[in-house]
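# Per-entry structural report
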Amino acid sequence: MKNEKDHLPIYGPGPVFGGVVIALTVAAMFCRNLPVFQCGNIAALRIPLIVIGILLILFAVA
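Residues numbered from 1 in each chain as written. Predicted model: local features only at pLDDT ≥ 70, side-chain atom pairs only at ≥ 80, totals over all residues. Heavy atoms only, no water.

## Notes on the overall build of the protein chain
Scanning the protein chain for helices and strands turns up two helices and zero strands. A buried classification covers 0% of the 62 residues belonging to the protein chain. (Helix = DSSP H or I, 4+ residues; strand = E, 2+ residues; numbered from the N terminus. Buried < 20%, exposed > 50% of the residue type's maximum accessible area, 1.4 Å probe, protein only.)

Below, the structure written as structure tokens:
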């Protein structure tokens, strides 16, 4: 007779992991304009990084 705790959860770790990632992303969006983080802001890399990000998203979808 199998014990109920011998199997993995139905949804796995996905919902917990996804929730944590979403929470950290939202927190980072609110904190990005704080003065303490302005030292890492390189305006010249803004457009190239956006293009690279879009290409990575398209590659992941394909």
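On we go.
## A word on a nonpolar patch on the surface
A cluster of nonpolar side chains, contributed by Ile47, Ile50, Val51, Ile54, Leu55 and Leu58, occupies part of the molecular surface with about 570 Å² of accessible area. Structurally, Val51 is set in helix H2 (residues 46-61). (Patch = residues over 30% accessible without salt bridge, like charges linked within 9 Å, V, L, I, M, F, W, Y side chains within 5 Å. Areas by Shrake-Rupley, 256 points an atom, 1.4 Å probe, with all protein chains shown as cover. Salt bridge = Lys/Arg side-chain N within 4 Å of Asp/Glu carboxyl O.)

## Quick notes on the layout of surface pockets
If you add up the space inside the largest pocket, you get close to 270 Å³. Every residue lining the largest pocket is listed: Arg32, Asn33, Gln38, Gly40, Asn41, Ile42, Ala43, Leu45, Arg46 and Leu49. Classifying every residue of the lining of the largest pocket gives four nonpolar, four polar and two charged. (1 Å grid on protein atoms, 1.4 Å probe; cavity = no way out; pocket = protein on both sides within 12 Å on 5 of 7 lines; lining within 4 Å. Points joined across faces, edges and corners; volume = space filled by probe spheres on them. Nonpolar A, V, L, I, M, F, W, Y, C, P; charged D, E, K, R; others polar.)

## What to know about H2
Between the first and last C-alpha of H2 there are 23 Å, a value that for 16 residues agrees with the 22 Å anticipated at 1.5 Å per step. Within H2, only zero of the 16 residues are buried, which leaves it mostly out in the open. (Expected span 1.5 Å × (residues − 1).)

The analysis is restricted to geometry; functional conclusions fall outside its scope.
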